[in-house]
Structures are given as structure tokens and as C-alpha cells.
Amino acid sequence: MKKIFIAALLLTTVLVNAQKNIYESDKFDALSDTHEVLAIIPFLANLELKDDISHEELNTLEQKEGYAVQNALETYFSQRKKKKKFSVEFQDVKNTNAILTQNKIDYNNIDVYTTKQLSEILGVDGIISGNMDLNVLLSKGIPTEFSFMDYFSGDANYGRIGVKISDGTSGKLLWKYEKKINKKSGKNTTDLIDRMMKLAARKFPYDREKRKDRKDRKEK
């Protein structure tokens, strides 16, 4: 009984912390009311590795990490979409990247384009993007063995990731979720995204049930 109580307490703590790291615009409903399709673009990664590597090699690794998160998010949304959990569609990332390439936009220059520009180019209503600060190659997998000594040595923390959704017409930030990455976050990129998005599920703004509840409350 005691173990069950502790487990429940830990889960509650994790969920509460997840909600604290979530921002949602008070204008979300007004700005997203006509949204039908969102595009997931490659995430921008900042790697601080202990290995002595060249600038070119570092850039290549950062790109790999950025595209890995893009693919992991598509996988998560695709699986949830099968259960009709969302009120919007998500553009196939292969199509997204192909359109970007056709417009001479790649990982190295995508950050100079505004949300409005990217939405118009991709033909979508909004953009899902984000940033990562990592000191490990998450796509290759991370150690999951837990030790209290890790917290004292600093080896328990691998960085931070932020996911945000922006409106394509106004360019305004609609939703953002930030999370620290550690040994409990997941063993690789796909696992990390799956776990963190599930924690944020109750607060995900395009959740079909959540939007229905909000509309019902407004009508009353």
C-alpha cells in the first residue's frame, strides 16, 4: 500500500510539473478557430558535447538531432490521430521538407524565415517548431540507469527541449511546452517525445475533447 501511495505521489508531482511548464495564449481559440493543418518543421539544436569535433561535424550532428525530433513528433501525432484525438491534421514531414527544399530553405537558414512566411510557403495554418540544448546525442540513445550520485556530479541532466505552436496568419505564439531532459525522460528521441507529449496531453490545445469542453463552457 505504501509503495502504491509513493508511486501515485511521484506521478502527481510529474504531472503538476509538466503543467507548470506549459503556456497557452488567451487568444488561442480566436486565432486557431479555422486551423485545419499544421506543419512540423525541423527543430533547432544546440549541442555542447565533450568530444573535440569540427564545426562542420557539430553542424551535421545538430541537424540530425533536429530532424529526429521532427520525425518523433510526427510519429506521436500519427499514432494519436488514429484514435481521433486531434481536431487538426498534420502535414507529412516528407512533404514539408520537400517543399522547404524546393524553396531553398534548409536547416541552416530556416530560422531567418518568419512563421507567417513558412506557413504561406508550406500552405498550412500553423507551425510546430522548437529548440533543444543538449550535451548528449539523444537520437543515439542515452543511459537510463539511475543513480543518486548523478545529481551530485551533474550527469543526470542532458539539456532542455521546448515545443511551440504558432499561428500562421498572425505569427503569434499559441502554445509552448518546455521540459528538462534527464535519465527519466526516455532512452532516445522517440521515447522522449512520446513521454513528454503524453504528460502534456491534457493541456494540448488541439485535443478534440478539450476544445469541445471549452466551446460548451462558452455557450453556457
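Keep in mind that this is a model prediction, so the values were computed, not measured.

Our next topic: the side chain of S25. Checked against the element boundaries, S25 lands in the loop between β1 (22-24) and α2 (28-32). When its relative accessible area of 9% is taken as the criterion, S25 is described as buried. When neighbours within four sequence positions are excluded, S25 is seen to be in contact with L173 and L174.

Let's shift gears to the confidence of the model for the protein. Taken residue by residue, the protein gives an average pLDDT of 81. The fraction at 70 or more is 79%. A low-confidence stretch, residues 2-19 (pLDDT under 50), is modelled with six contacts involving residues beyond four sequence positions or located in other chains. Here residues 145-155 is a poorly scored stretch, pLDDT under 50, and it has ten contacts once near neighbours within four places are set aside; other chains count.

A separate point is the environment of E65. Its place among the elements puts E65 in helix α3 (residues 55-81). Along the primary structure E65 and V136 are separated by 71 residues, whereas in three dimensions their C-alpha atoms are 10.0 Å apart. Look past the residues within four positions of E65 in its chain and what remains in contact with it is A45, L47, M132, L134, L137, L138 and S139.

The buried fraction of strand β5 (residues 126-134) is high, at seven of nine residues. Here strand β2 (residues 37-40) runs beside β5; their pairing, made up of three bridges, is parallel. By the bridge assignment for β5, A39 is matched with I127.

Pairing of β2 with strand β4 (residues 89-90), which is carried by two bridges, proceeds in the parallel orientation. In the sheet register, L38 faces β4, and the bridge partner there is F90.

Our focus in this paragraph is helix α5 (residues 115-122). Three- or four-residue spacings in an α-helix give side chains the same orientation, since the helix completes a turn every 3.6 residues. Along α5, the positions that sit buried rather than exposed are L118, S119 and L122. Here the buried residues of α5 occupy an arc of 100° about the axis, which is enough to place them on one side. Residues of α5 that are buried make contact with β2, α4 (93-102) and β5.

Conventions we followed
Every chain's residues receive numbers from 1 upward, in the order its sequence appears when written. Under the rules for a predicted model, residues below a pLDDT of 70 receive no local features and side-chain atom pairs below 80 are neither given nor counted, while totals for whole chains, interfaces and linings still include all residues. To get the side-chain values, take all heavy atoms of the structure and skip hydrogens and water. Put simply, DSSP H or I for four residues or longer makes a helix, DSSP E for two residues or longer makes a strand, and each gets a number counted from the N terminus. The buried label applies to any residue whose accessible area, calculated with a 1.4 Å probe on protein chains only, is under 20% of its type's maximum; exposed applies above 50%, and partly exposed to all values in between. Note on contacts: a residue pair is in contact if any heavy atoms of the two residues lie within 4.5 Å. As a per-residue measure, pLDDT tells how confident the predictor is, with possible values from 0 to 100. When DSSP finds two or more bridges between a pair of strands, those strands are recorded as paired. Directions are taken from the helix axis to each C-beta atom, and the arc is the one they span.

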